[in-house]
Amino acid sequence: MGFVAESNQGAIGNGGKSGLRSLVRRKRVDSVHSKSLETGHHQLAKELSIAHLIAIGVGSTIGAGVYILVGTVAREHSGPALAFSFLIAGIAAALSAFCYAELASRCPSAGSAYHYSYICVGEGLAWIIGWALILEYTIGGSAVARGISPNLALLFGGPDSLPFFLARYSIPSLGIVVDPCAAFLVFIVTGLLCVGIKESTFVQSVVTTANICAMIFIILAGGYLGFKSGWIGYRLPVGYFPFGVDGMLAGASTVFFSYIGFDSVASTAEEVKNPQRDLPLGIGAALSICCMLYMLVSAVIVGLVPYYAMDPDTPISSAFASHGVQWAVYIITIGAVTALCSTLMGSLLPQPRILMAMSRDGLLPSFFSEVNKRTQVPVKSTILTGVIAAALAFAMDVEQLAGMVSVGTLLAFTMVAVSVLILSNNIRTEEIDVEISKSQTGEKNISKKGEASAEYPLIAKISAQAKCKESKRRNIAGWAIILTCIGALILTYSASNLGIPRSFRLTLCGVGGLLLLLGLGVLSCIDQDEARHNFGHSGGFICPFVPLLPILSILINVYLLLNLGADTWMRVSVWLVIGVFVYVIYGRSHSSLQHAVYVPAAHVDEIYKSSAESLNS
């Protein structure tokens, strides 16, 4: 890493930084030094293996959406080509997964995209990402919990078959429909998460296995029915692409949101036994399994029933029922219930760790960073998260807010891709060459490194020239990344906004495309830190095809962000404005980097040694 930053307690102070400068201050990658300075109650248990990570990833990703989404997308967009839509969406999700895999293995700490953004971009954007993720997991968990009770009721005979203390009922005076079952399930999951990460992940593994078994039943039984009936859904005069390639791509944009969830794996990075090996494998395996299951299920269902005859609400159940297999409805319903329960666990698991990471950095009160000594999980944060999610699930119909979940995820995906571009070009802020030494009086002396080299003018001159050249390279790379992001924004906005006059729209597309290609060309030509030798933990996964792959990821995520709708963005904007006020009032002044300076990485060991000697004397 080109520089490191430490707080007053960890290294040296140079006075408070305020105003806009606080927005771009960045923290250092967690190292053995910082780990040794942390007290025991801040450490999470390292209990997770590859199998646990796959269970978390698959369980968080495969929700009940696949049991419903296939009908709507096939009828309105893809037709029989639904499996190709899932494949394209899976490839697009893999672009973000590659970026996550590198950052998670090199920065294995709680916080996921928030943590990476703080290291690579700065405190201001990191706060926005963390604040958006809090909203995503809260609304997402509540929405999933509200969806469980209707499916659970079907297993008992009908919509009103649940026991009276779990059944939904309306309060006319308040105009709300309360859902005790949803709140009860949230409390159960919260209790499991408080017991320990290994125990809760084991339960999620069991639930996820049941969901996968239900999907395998759909594939095998549906395949048998398809061969028996001659795959009537594929023998249509309109062909395999009734809506054209554009319809298939539109379907891919819709089903892309079926893949969001693998980022939950990255949030548990600090609890993984061997993060450099297990995190990339866990993320990759989880995404591959989800893509394969999605494609097989969709290929079977669109073959059983013509796409235009599919039920948009219960496509899988109705497809089996049309072939006289009524009893399969119960297995499919069990699959939907287990999928929702697993997704609920995947939604509630990351949020306490995001809160803990933000609290460790001083941006939130220390209450959120307290880790239970026995269970080694952030119990207080988990309980608070569960109480809020249960209250929302009980008293609020959050379906209209469900679009807000996607904003946090796509913002995180975009920022992770930008972080990979920054790391590959080793872009850093201006370095301050500072050394700490201990004088005979016991006081720490700070001296400029340049003064020591005054006796060797030739060495000093060569060093200054090298620094100047490297500074220019980093500035060029930084501006190229900025131009790339601006170009992606202009291109996706003009391409998706059909209300703009055609000539002006084509002009904007040209300008955006030109900026995007210019940024890509510059980043491809300048020297890249391909092995990331100076960043994070060695031996981690390296994202391939940089800068092309991260730029494609940025382009896709920005396009999806701009197409979420004005209503969604208005609601999210209110939440983000609240977050800005919280940061200004509390986070900015309590940040652990409030009194931080940047020093050359070459002197980190010396500085820590000197600081330790000063503390011990």
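If you check an unreviewed UniProt entry, the protein appears there as Cationic amino acid transporter C-terminal domain-containing protein from Lactuca saligna. Taken from UniProt, the Subcellular location (unreviewed entry) comment for the protein reads in full: "Membrane".

Colleague: Teacher, can you tell me more about helix α5 (residues 82–106) here?
Modeller: Each α-helix winds once per 3.6 residues, and so residues spaced three or four apart point in a common direction. The terminal C-alpha atoms of α5, which comprises 25 residues, lie 36 Å apart, in line with the 36 Å expected from a rise of 1.5 Å per residue. Counting buried positions over the 25 residues of α5 gives 19, a clear majority of the element.

Colleague: Looking at this structure, I do not really get the packing of aromatic side chains. What am I missing?
Modeller: Each aromatic ring pair is described using two quantities: the centre-to-centre distance and the angle formed by the ring planes. In total, this model carries 23 aromatic pairs according to the counting rule given. Where Phe-243 meets Tyr-307, the ring centres are 5.7 Å apart and the plane angle is 75 degrees; that geometry is what we call edge-to-face. Of this pair, Phe-243 sits in the loop between α9 (197–229) and α10 (244–255) while Tyr-307 sits in the loop between α12 (275–304) and α13 (315–321), and the two are 64 residues apart along the sequence. The exposure class assigned to Phe-243 is partly exposed, which follows from its relative accessible area of 36%. An aromatic cluster is built from Phe-84, Phe-227, Trp-231, Tyr-234, Tyr-240 and Phe-241, whose rings are joined through pairwise contacts.

Colleague: In this structure, what is going on with the environment of Ser-366? I would like to understand it.
Modeller: Relative to the elements of secondary structure, Ser-366 occurs in the loop between α15 (350–360) and α16 (379–395). Classification of Ser-366 by relative accessible area gives exposed; the value is 52%. Sequence separation between Ser-366 and Met-356 is ten residues; the distance between their C-alpha atoms is 8.3 Å.

Colleague: Sorry, what's going on with the pattern of salt bridges here?
Modeller: For side chains of opposite charge, pairing can occur when their charged atoms come near one another. For the structure on display, the rule yields seven salt bridges. In this structure, Arg-360 engages Glu-270 in a salt bridge whose closest nitrogen and oxygen atoms are separated by 2.8 Å. Of this pair, Arg-360 sits in helix α15 while Glu-270 sits in the loop between α11 (263–267) and α12, and the two are 90 residues apart along the sequence. A salt bridge links Asp-278 to Arg-277; the shortest N-O distance between them is 2.6 Å.

Colleague: What is the right way to look at a nonpolar patch on the surface in this model?
Modeller: A cluster of nonpolar side chains, namely Phe-84, Leu-87, Ile-91, Tyr-240 and Phe-241, defines an oily patch on the protein surface of about 420 Å² accessible area. Position of Phe-241 among the secondary structure elements: in the loop between α9 and α10.

Colleague: Quick question: what am I supposed to make of the side chain of Thr-61 here?
Modeller: For Thr-61, the position within the fold is in helix α3 (residues 50–61). Separated by 2.7 Å, the side chain of Thr-61 and the backbone oxygen of Gly-57 make a polar contact. Apart from the residues lying within four places of it in its own chain, the contact partners of Thr-61 are Ser-258, Tyr-259, Ile-260, Gly-261, Phe-262, Cys-290 and Tyr-294.

Colleague: Just checking my understanding: could you explain unusual backbone geometry for this structure?
Modeller: Note: most peptide bonds trans; most residues except glycine with negative phi. Residue Val-546 is joined to Pro-547 through a cis peptide bond whose omega torsion reads 10 degrees. Relative to the helices and strands, Pro-547 resides in the loop between α20 (502–525) and α21 (548–562). Despite not being glycine, Trp-231 shows a phi value in the positive range, around 50 degrees. Residue placement: Trp-231 occurs in the loop between α9 and α10. Positive phi, normally seen in glycine, also occurs at Gln-376, with a value near 55 degrees. Of note, Gln-376 is situated in the loop between α15 and α16.

Colleague: Sorry, what's going on with the confidence of the model for the protein here?
Modeller: Caution applies to low-pLDDT parts of the model: their predicted coordinates are not meant to be read in detail. Summary statistics for the protein give a mean pLDDT of 83 and a share of 82% for residues scoring 70 or more. Within the model, pLDDT remains below 50 along residues 428–454, and this stretch shows 56 contacts once partners closer than five positions in the same chain are excluded.

Colleague: Sorry, what's going on with the side chain of Ser-109 here?
Modeller: Position of Ser-109 among the secondary structure elements: in the loop between α5 and α6 (112–120). Residue classification places Ser-109 among the buried residues on the basis of a relative accessible area of 4%. Here the side chain of Ser-109 touches Glu-270 through a polar contact of 3.3 Å, side chain to side chain.

Colleague: I tried to follow α16 on my own but got confused; where do I start?
Modeller: Relative to the 24 Å expected for 17 residues at 1.5 Å per residue, α16 spans 24 Å between its end C-alpha atoms, a close match to the ideal helical length. Within α16, burial applies to Val-379, Ser-381, Thr-382, Thr-385, Gly-386, Ala-389, Ala-390 and Ala-393. An end-on view of α16 places all buried positions within 160 degrees of arc, on one side of the element. Buried positions along α16 lie against α7 (123–155), α8 (180–195), α14 (328–348) and α15.

Colleague: Honestly, the packing of α5 against α12 in this entry has me stumped. Any pointers?
Modeller: In a pair of packed helices, the angle between the axes and the distance between the axes together describe the arrangement. Between α5 and α12, whose axes approach to 10 Å, the crossing angle comes to 170 degrees. Classified by the angle their axes make, α5 and α12 are roughly antiparallel. When α5 is examined against α12, the residues Leu-82, Ala-83, Phe-86, Leu-87, Gly-90, Ala-93, Ala-94, Ala-97, Tyr-100, Ala-101, Ala-104 and Ser-105 are found in contact with a partner set consisting of Pro-275, Gln-276, Leu-279, Pro-280, Ile-283, Leu-287, Cys-291, Tyr-294, Met-295, Ser-298, Ala-299 and Val-302.

What counts, and at which threshold
- Residues numbered from 1 in each chain as written.
- Predicted model: local features only at pLDDT ≥ 70, side-chain atom pairs only at ≥ 80, totals over all residues.
- Heavy atoms only, no water.
- UniProt positions renumbered as here; feature names shortened; annotations may be inferred.
- Helix = DSSP H or I, 4+ residues; strand = E, 2+ residues; numbered from the N terminus.
- Expected span 1.5 Å × (residues − 1).
- Buried < 20%, exposed > 50% of the residue type's maximum accessible area, 1.4 Å probe, protein only.
- Phe/Tyr/Trp six-rings, centres within 6.5 Å; stacked < 30°, edge-to-face > 60°.
- Salt bridge = Lys/Arg side-chain N within 4 Å of Asp/Glu carboxyl O.
- Patch = residues over 30% accessible without salt bridge, like charges linked within 9 Å, V, L, I, M, F, W, Y side chains within 5 Å.
- Areas by Shrake-Rupley, 256 points an atom, 1.4 Å probe, with all protein chains shown as cover.
- Polar contact = N/O pair within 3.5 Å; in protein donor to acceptor, adjacent residues only side chain to side chain.
- Contact = heavy atoms within 4.5 Å.
- pLDDT = per-residue confidence, 0-100.
- Arc of directions from axis to C-beta.
- Axes fitted to C-alpha atoms, helices over the stretch in contact; angles between N-to-C directions.
- Parallel < 35°, antiparallel > 145°, perpendicular 65-115°, else oblique.

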